[in-house]
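Analysis of the macromolecular model
Read off the chains here:
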Amino acid sequence: MISDPDQRRRLLETFAFLRAASAEFQREFFDQIMRVRLPAGQAVCQAGAQCAHLPLVLDGTARVYQLGENGREITLYRVHSGESCVLTASCLLSARPFPAFAVCETEVEAVVVQPASVRRWLGSSEPWREYLFGLIAGRLVEVFGVLDAVLFQRLDQRLIDHLLRQAERTDSSEIQATHQILAAELGSSREVISRVLKGLEEQGLLRARRGWIELLDRAELRRRTQDD
């Protein structure tokens, strides 16, 4: 239950569906949810586990990824402020186990919704229904993008594209990332990522140092992502 006026105001500011919902729904929502805080590195869900609730992220980032038989990870998507995990929603609605892994990349503050409320509100609240279905549609596009990249795009292009997106997100040419993190992100190995980065560094396109990568020529890197 969320009774503090400041916390309620913050939830209204973060989630558009809540602002669009009726006063009756808002009251029920605040009565039913519970606030949680998880540290960076905390495992949220494991493959094969049953989901106990639906998290709505207020602050922080969680990463949802798949683990191959060879032990390599590949990121499916991230959950940021104002979002929720669509795989968790799907598991709650279908009573199926979670098919991937989820971990907090940063400290995460969220509110959690019980399964019965998730299902009940789908039938009684249009803003809630549109929120969940909108997340599902967006994530499908995102996951198909990952699949398309893995199947049809060269690793060097995928790595460059990821680095460029990170630079745009942080508005900085310097990106904090280890070779192991990049390998997990792209479903590769640390050794392969290191070789690709070394090749790009030798061409003067970036500079790699421990835990950091600096993009030196964004225009040329962007052109490389478009090469056949």
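Residues numbered from 1 in each chain as written. Predicted model: local features only at pLDDT ≥ 70, side-chain atom pairs only at ≥ 80, totals over all residues. Heavy atoms only, no water.

An unreviewed UniProt entry lists the protein chain under the name Crp/Fnr family transcriptional regulator, with Allochromatium humboldtianum given as the organism.

1. A look at the overall build of the protein chain
To keep it simple, the criterion reads: Helix and strand assignments follow DSSP, with helices taken as H or I runs no shorter than four residues and strands as E runs no shorter than two, numbered in order from the N terminus. Relative accessibility under 20% of the residue-type maximum defines a buried residue, over 50% an exposed one, and the middle range a partly exposed one, all with a 1.4 Å probe and only protein chains included. In this analysis, two residues are considered to be in contact whenever any of their non-hydrogen atoms come within 4.5 Å of each other. Method for areas: the Shrake-Rupley scheme with a 1.4 Å probe, in which residue coverage is limited to the protein chains shown. By the counting rule applied here, Lys and Arg register as positive and Asp and Glu as negative, while His and the ends of each chain are not counted. Where a charge sits is defined by one atom per residue type, namely NZ (Lys), CZ (Arg), CG (Asp) or CD (Glu).
Counting its regular elements, the protein chain contains 10 helices and 10 strands. Its C-alpha atoms put the protein chain at 60 × 35 × 30 Å along the principal axes. Counting over 228 residues, the protein chain shows a buried share of 40%. Of all intrachain contacts in the protein chain linking residues separated by at least 6 positions in sequence, the fraction that spans at least 24 positions is 70%. When the accessible area of the protein chain is evaluated, it comes to approximately 12,300 Å², of which 50% is carbon and sulfur surface. Both charge centroids of the protein chain, one from 29 positive and one from 31 negative side chains, sit 3 Å from each other.

2. Focus: the pattern of salt bridges
We apply this condition: For salt bridges, the criterion is a side-chain nitrogen of Lys or Arg within 4 Å of an Asp or Glu carboxyl oxygen.
This structure, assessed with the given rule, holds 19 salt bridges. Where E105 meets R63, a salt bridge forms, and the shortest distance between an N and an O atom there is 3.9 Å. Of this pair, E105 sits in the loop between β6 (101–104) and β7 (108–113) while R63 sits in strand β4 (residues 62–67), placing them 42 residues apart in sequence. For E105, a relative accessible area of 34% gives the class partly exposed.

3. So, the UniProt feature "domain: HTH crp-type" (unreviewed entry) in the protein chain
How we decide: UniProt positions are given in the numbering used here, feature names are shortened, and annotations may be inferred rather than shown by experiment.
Sites flagged by UniProt as "domain: HTH crp-type" (unreviewed entry) map to residues 153–219. From the first C-alpha to the last, residues 153–219 spans 19 Å; its make-up is 58% helix and 16% strand.

4. Overview of the UniProt feature "domain: Cyclic nucleotide-binding" (unreviewed entry) in the protein chain
Residues annotated by UniProt as "domain: Cyclic nucleotide-binding" (unreviewed entry) correspond here to residues 17–125. Spanning residues 17–125, this segment combines 30% helix with 34% strand, and its end C-alpha atoms are found 10 Å apart.

5. Comments concerning the packing of aromatic side chains
Using the following cut-off: We call Phe, Tyr and Trp rings a pair once their centres come within 6.5 Å, taking the six-membered ring for Trp, and we label the pair stacked below 30 degrees between planes, edge-to-face above 60, and tilted otherwise.
Taken as a whole, this structure holds 13 aromatic pairs when the rule is applied. Ring geometry for F15 against Y131: centres 6.2 Å apart, planes inclined by 90°, an arrangement best described as edge-to-face. Residue F15 is found in the loop between α1 (5–14) and α2 (16–20), and its partner Y131 is found in helix α6 (residues 126–152); the two are separated by 116 residues along the sequence. On the accessibility criterion, F15 (1% relative accessible area) is buried. The class for Y131 is buried, based on a relative accessible area of 12%.

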